[in-house]
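Survey of secondary and tertiary structure
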Amino acid sequence: HLEVLAGDLGLPNLGLEEADWNRLCETVDLIVHPAAHVNHVLPYNQLFTANVVGTAELIKLALSSRLKHFHYVSTLGVISLTGHLIEEERDIRAAIPACEVDDSYANGYGISKWAGEVLLREAHDLCSLPVSVFRPGMILADMRYTGQLNVPDMFTRLLFSLAATGVAPATFYAQDLSNGHPHANYEGLTVDFLANSVTAIGLRNKEGFYSYNLSSPHKDGVSLDSFVDWMIEAGCKIERVEKYDEWISHFETAMHALPDEQQQQSMLAILGPYRSPQATSAGGKLPVERFCTASESAGYPVPHLSKKLIEKYVSDLKQLDLL
């Protein structure tokens, strides 16, 4: 029962024939908008057309002929644009009144998704457009399907690079000498859970404006350090380097020594966020209560990240001949 119409977010009316556009205006009752040019290197002006203008075109569709429900997949990256956490119920226009375009990591992508949220708030206020905004962090692989990895994403690149170079830091995180080994958590959820949860939550929202921070409430200590442990247990030969600065130097040198094809799949082009130890998020807890309550009520309690998921990544990287 699926009809596919190929369009383009960067074109007026999504590049559709006038008859198709008019038919959609009349017949569609729900718009689910996860599409974006996802790139953490390109600047805002190169992402503006697809991510901002494209969202505006879909809002135009949502307001034409009949009022349609709008589900928008944003990103937790919008929170990095400000110096504080953002409550799920807070108006993004008040939480982040303005953004500064700069050369920092993922700045352009984060601003482009923030702009989409602002447009949807305006459309809700001016035209009563029913909107649900979902802000995921890292979207991880589906547990069910062999070989199904998002190979270019940062997480897959990191696991691949650790396995291919055979070096990892003793810990990825800034150490608290008073408490010993840092207690950290990795923010990521699998795509199968997120797809089910977002669908179920969105269909329950009949009117109004809702935004959700799609992150785990579990503070179970499952972190990047755990992933390295699980990779080693899965058969990867990885040596831990005690000093972080020494590790990043060895890591970068080893990636430069990889064959060209493996270099292209590595962290070389996006190493910036890892040149310093990761924060343990001790400064505050991301507000996720609205999301967790809504997801559990819809039948999808938020799962823990598991060793089986990392084993699947290692197995799939081998199956795809990357390792």
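For every chain, the first residue of its written sequence is number 1, and the numbers climb from 1 along that sequence. Local features in this predicted model are restricted to residues whose pLDDT is 70 or higher, and side-chain atom pairs enter the listing and the counts only when it is 80 or higher, whereas totals over whole chains, interfaces and linings include all residues. The side-chain figures draw on all heavy atoms in the structure; neither hydrogens nor water molecules are used.

1. Observations regarding the side chain of Thr-75
Convention followed: A helix here means a DSSP run of H or I that spans at least four residues, while a strand means a run of E at least two residues long, and both kinds are numbered starting from the N terminus. Throughout, exposure labels follow a simple rule: accessible area from a 1.4 Å probe, protein chains only, divided by the maximum for the residue type, with under 20% read as buried, over 50% as exposed, and the rest as partly exposed. In the analysis that follows, any N or O atom pair within 3.5 Å is treated as a polar contact, provided that within protein one partner can donate a hydrogen and the other can accept it, and provided that, for residues neighboring in sequence, both atoms belong to side chains. Contacts between residues were defined by any pair of non-hydrogen atoms, one from each residue, lying within 4.5 Å.
Tracing the sequence through the fold places Thr-75 in the loop between strand 2 (69-73) and helix 3 (92-95). Taking relative accessible area as the criterion, Thr-75 reaches 12% and is therefore assigned buried. Among the polar contacts listed, one links the side chain of Thr-75 to the backbone nitrogen of Gly-77, at a separation of 2.9 Å. Ignoring sequence-local partners within four residues, the contact set of Thr-75 consists of Tyr-109, Lys-113, Phe-134, Arg-135 and Pro-136.

2. Observations concerning the pattern of salt bridges
Formally: Salt bridge, as used here, is a side-chain nitrogen of Lys or Arg placed within 4 Å of a carboxyl oxygen of Asp or Glu.
What the rule picks out here adds up to 14 salt bridges. The partner of Lys-60 in a salt bridge is Glu-57, with the nearest N and O atoms 3.1 Å apart. Of this pair, Lys-60 and Glu-57 both sit in helix 2 (residues 44-63), three residues apart, which is roughly one turn of that helix. Residue Lys-60 is classed as partly exposed on the basis of its relative accessible area of 35%. With a relative accessible area of 12%, Glu-57 lands in the buried category.

3. Brief notes about the packing of aromatic side chains
The line we're drawing: Between rings of Phe, Tyr and Trp, where Trp is taken as its six-membered ring, a pair exists when centres lie within 6.5 Å; planes separated by under 30 degrees are stacked, by over 60 edge-to-face, and by other angles tilted.
Summed over all chains, the structure comprises 13 aromatic pairs. Consider the rings of Tyr-44 and Phe-48, whose centres lie 5.8 Å apart with planes at 75 degrees: the pair is edge-to-face. In this pair, Tyr-44 and Phe-48 are both assigned in helix 2, four residues apart and thus about one turn of the helix distant. A residue is classified by how much of its surface remains accessible, and Phe-48, at 35% relative accessible area, is partly exposed.

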